[in-house]
Amino acid sequence: MIEKHLIIEDIDPVEMYGVGNCHLQVIKSLYPKLRIVARDNVIRVLGDEEEMCRFEENIEKIRCHLLKFNTISDEDILDIIKGNPMKGDGSDDALLYNISGRPIRSRSANQQQIVDAFNDNDMVFAVGPAGTGKTYLGIALAVKALKEKTAKRIILSRPAVEAGEKLGFLPGDMKEKIDPYLQPLYDALEDMIPAVKLQDMMEKKIIQIAPLAFMRGRTLSDAVVILDEAQNTTSAQIKMFLTRMGWNTKMIITGDMTQVDLPHSVKSGLAVAMDVLKNTEGISIVQLNDKDIVRHKLVTRIVNAFDKYNNERINKD
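Rules behind the numbers
- Residues numbered from 1 in each chain as written.
- Predicted model: local features only at pLDDT ≥ 70, side-chain atom pairs only at ≥ 80, totals over all residues.
- Heavy atoms only, no water.
- Helix = DSSP H or I, 4+ residues; strand = E, 2+ residues; numbered from the N terminus.
- Buried < 20%, exposed > 50% of the residue type's maximum accessible area, 1.4 Å probe, protein only.
- Contact = heavy atoms within 4.5 Å.
- Pairing = 2+ DSSP bridges.
- Axes fitted to C-alpha atoms, helices over the stretch in contact; angles between N-to-C directions.
- pLDDT = per-residue confidence, 0-100.
- Arc of directions from axis to C-beta.
- Salt bridge = Lys/Arg side-chain N within 4 Å of Asp/Glu carboxyl O.

Section: the overall build of the protein chain
And then number 1: Summing up its helical and strand segments, the protein chain has eleven helices and eleven strands in all.
And then number 2: When the 317 residues of the protein chain are sorted by exposure, 44% land in the buried category.
And then number 3: Sequence separation of at least 24 residues holds for 71% of the intrachain contacts in the protein chain that already meet a minimum separation of 6.

Have a look at this one:
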């Protein structure tokens, strides 16, 4: 008989063990010849060497399943240990899976163009109306890169500009003051990464969320960097942001030119950047439209109605 200590990495061990250790009990029942004790992220195993090797292989498969799908059931564990075919095997076009195990994938031709552009270029501009999945898809690509270890960190930024209203002085420390501007980024991350793991990543600065003003002077290397709501940057701000790019870094810039909240006298930096950089090698610009909207069907109608209204006003003027 031999003894081994297996260390569980990259996942929350509570997810593997299950509520009340229910998953762990299933695993134990399938290995009656082994004595298995789990505490925190360490599994202590005592027993037959050959049986232990099979146990170690299957624990790694369970860990990889959790890393990919963010969730696991007793049935999944049984399938893994018994060698049955698993979901996601073979031709799987999902970028990754959310915390409920639902696949996240491109849902239109233009969204797929963003995915392809990200794979082929170091900088991607994704521009289109509300509800086209620009931010969500961009964060999904960043999380995928982090999971596949092609990036060491994710850096998310937004200009702190109110949408047509003044919020005044916000209470709290710096984080509490800027969080209202960055909430859409938190929402997307919370849908893709389990809460405990997300908190740990943010504490370790693996995932960083900061307003645009905090980018000055930094060199961002080994990262996927996303600038959201870029239509609310000035020319100087977006130039400052784009020139933060370091080695082994990819940037995704998202925006909607119909939702510019800058003063009328200030030209959007996003429009300037797309015009200046449109023929630059290594940079791709993807334009989305109302056909790419993936929110409630009314969002498409709202966008079209406002576009029609604005065009009529321009024609009258």
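Okay, back to it.
Some thoughts on the sheet that holds strand E11 (residues 283-287)
One key point about sheets: their strands pair by backbone hydrogen bonds, in either a parallel or an antiparallel sense.
And then number 1: Judged by pairing direction, the sheet is parallel, and its six strands sit side by side in the order E8-E7-E9-E10-E6-E11 without closing on themselves. Unpaired on one side and paired on the other, strand E8 (207-211) and E11 mark the two borders of the sheet. Adjacent strand axes in the sheet meet at a mean angle of 15°, parallel and antiparallel pairs treated alike.
And then number 2: Across five bridges, strand E6 (residues 123-127) lies against strand E10 (residues 250-255) in parallel orientation. Residue Met123 lies in a different strand from E10, and its bridge partner there is Met251.
And then number 3: Packing of helix H10 (residues 269-277) onto the sheet brings it into contact with E6, E10 and E11, and relative to E6 it is tilted by some 130°.

Focus on the confidence of the model for the protein chain
For residues with low pLDDT, the predicted coordinates do not support detailed interpretation.
And then number 1: Looking at the protein chain, the pLDDT average stands at 86 and 89% of residues meet or exceed 70.
And then number 2: Element-level mean pLDDT values for the protein chain span from 73 in helix H11 (residues 297-316) up to 96 in E10.

Notes on helix H8 (residues 195-203)
And then number 1: All of the buried residues in H8 are Leu198, Met201 and Met202. Each buried residue of H8 sits inside an arc of 95° when the element is viewed along its axis, so together they form one side. Opposite the buried face of H8, at more than 90 degrees from it, the exposed residues are Val196 and Glu203.
And then number 2: Looking at the residues trailing H8, positive phi occurs at Lys205, about 65°.

Overview of helix H4 (residues 74-82)
And then number 1: Turning to H4, its buried residues are Asp76, Ile77, Ile80 and Ile81. Buried residues of H4, viewed axially, fall in a sector of 125°; they line one side. Set apart from the buried face of H4 by more than 90 degrees, the exposed residues are Glu75 and Lys82.
And then number 2: Where H4 is buried, its residues touch helix H2 (22-30) and helix H3 (49-69).
And then number 3: Within two residues after H4, Gly83 carries a phi angle of roughly 80°, on the positive side.

What about the pattern of salt bridges?
Where charged atoms from two side chains of opposite charge approach closely, those side chains can pair.
And then number 1: Throughout the structure, instances matching the rule amount to 13 salt bridges.
And then number 2: Across the pair Arg158 and Glu229 runs a salt bridge, and its minimum N-O distance is 3.0 Å. Highlighted residues: Arg158 in strand E7 (residues 153-158) and Glu229 in the loop between strand E9 (223-227) and helix H9 (235-242), separated in sequence by 71 residues.
And then number 3: Among the salt bridges present, the one from Lys278 reaches Asp275, with a minimum N-O distance of 3.3 Å.

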